[in-house]
Amino acid sequence: MEKKKEKTNYFPNEIIFKILLFLPGTSILRFKSVSKQWNSIISTHFFIKSHLKNAINAPIPSNILLCYSNHVSLVDTETWSISNKLFLNRRNEYQSFGGSCNGLVCFYNEYTSSRDVLVINPTTREWITIPKPFVKPQFGEFSYTLGFVPSTNEYKVVWFWMDEGNPNFEIWTLGGSKSWRKVPQFANPNLDFATFYARGIYSNGILVYLGFDQHEKPWLLSIDLKLEKISSVDLINLDPFKKDSNDFILGELNGNIFLTIIPDLISQNEKEIHIIIMDKERKEWVRKLKLIVPRMSYMRPLFINREKILLQDVCNEAGLYYYDLENEEIEKVYMGDYDFCYHAYPHIDSLVSLRGL
């Protein structure tokens, strides 16, 4: 008698590829153990790159990254619950945030003699450290910011510090050379920065910094990460807002550079915050938003989803709120724990491997 052939459940690689492409990175890593076929698909550079591109093009980020004193938590933007938690150190040291790019996150400690930079992927739980630069600033603020060069697929960390009114920059390439490279200074004898907001903001291969000169005029300084040089220093018009009566927060919003202006003057029950968005192609301010928020809050925008904008209230335990731009109503979507959260940022659930850099 002829033996019956056993039936097997088989899906072509193309079908499995398309299914996995839309799943969270944490789930995909677990599926590596399903079979050799699945592990082979997931481990390819083409799949990792395609998954990252799909995550970047999503209408809203998959997670919000909450930065605490010694750990980070990822809040899922669909369920508004913690999907992942990763501890940075065991000594409860304060970690400064150096930007998030393609699912990689940069941290550094600005209060100890050790200034080694930490780059992690919270999804894969991989991490690397970068040695501190040889030059030590004598005083003033400094920062590290993570960025990416799309054309060369390189990740770079930029170190910034001030020296007698002049901004200085050095660059380190992850997986590249083993030394810091100095960025040539921008020669402008008429420009002397009196104040600089230390952390840069990454957008489309460029790092942007906000500074004010001695006359309190605001400037945007841009660094081209591919060419490793200062590409522009532009005077911007923020009238009628003045530095002495407003807080200014530079950020990246849905791929565009934006500036949040929080006036010191507040009414009895509410206050206004203003958001000015720069178009990434035309390099000019193209959209202005005015939000009415509670008086005792300190709201920072994280991303825009159609006619709603997600805000973090820094004064209220990392509370996350949707602000409806049409009817000016606020809806609470997440309330953090009692540990102080000093930053919240949109985060992509990525499979980018630090070991492969």
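Residues numbered from 1 in each chain as written. Predicted model: local features only at pLDDT ≥ 70, side-chain atom pairs only at ≥ 80, totals over all residues. Heavy atoms only, no water.

Draft legend 1. Structural context of the pairing of strand 1 (residues 63-67). With 5 of 5 residues buried, strand 1 lies mostly within the body of the structure. Residues Asn63, Leu65 and Cys67 point to one face of strand 1 and Ile64 and Leu66 to the other, with burial holding for every one of them. Sheet topology places strand 1 next to strand 24 (residues 343-347); 5 bridges connect them, and they run antiparallel. In the strand pairing of strand 24, leucine 65 is matched with tyrosine 345. Here 5 bridges tie strand 1 to strand 2 (residues 71-76), and the two strands are oriented antiparallel to one another. (Buried < 20%, exposed > 50% of the residue type's maximum accessible area, 1.4 Å probe, protein only. Helix = DSSP H or I, 4+ residues; strand = E, 2+ residues; numbered from the N terminus. Pairing = 2+ DSSP bridges.)

Draft legend 2. Region of interest: unusual backbone geometry. Between aspartate 239 and the following residue, proline 240, the backbone shows a cis peptide bond with an omega angle of 10 degrees. Take proline 240: it is sitting in the loop between strand 15 (229-235) and strand 16 (246-253). Of note in the backbone geometry, arginine 125 takes a positive phi value of approximately 65 degrees without being a glycine. Of note, glutamate 228 is a non-glycine position whose phi angle comes to about 55 degrees, a positive value.

Draft legend 3. Here's a closer look at helix 1 (residues 13-21). Of all the residues in helix 1, the buried ones are Ile16, Phe17, Leu20 and Leu21. Buried positions in helix 1, seen along its axis, are confined to an arc of 130 degrees and lie on one side of it. Relative to its buried face, helix 1 has exposed residues pointing more than 90 degrees away, namely Glu14 and Lys18. Summarising the contacts, the buried residues of helix 1 are in contact with helix 2 (25-30), helix 3 (36-42) and helix 4 (45-56). (Arc of directions from axis to C-beta. Contact = heavy atoms within 4.5 Å.)

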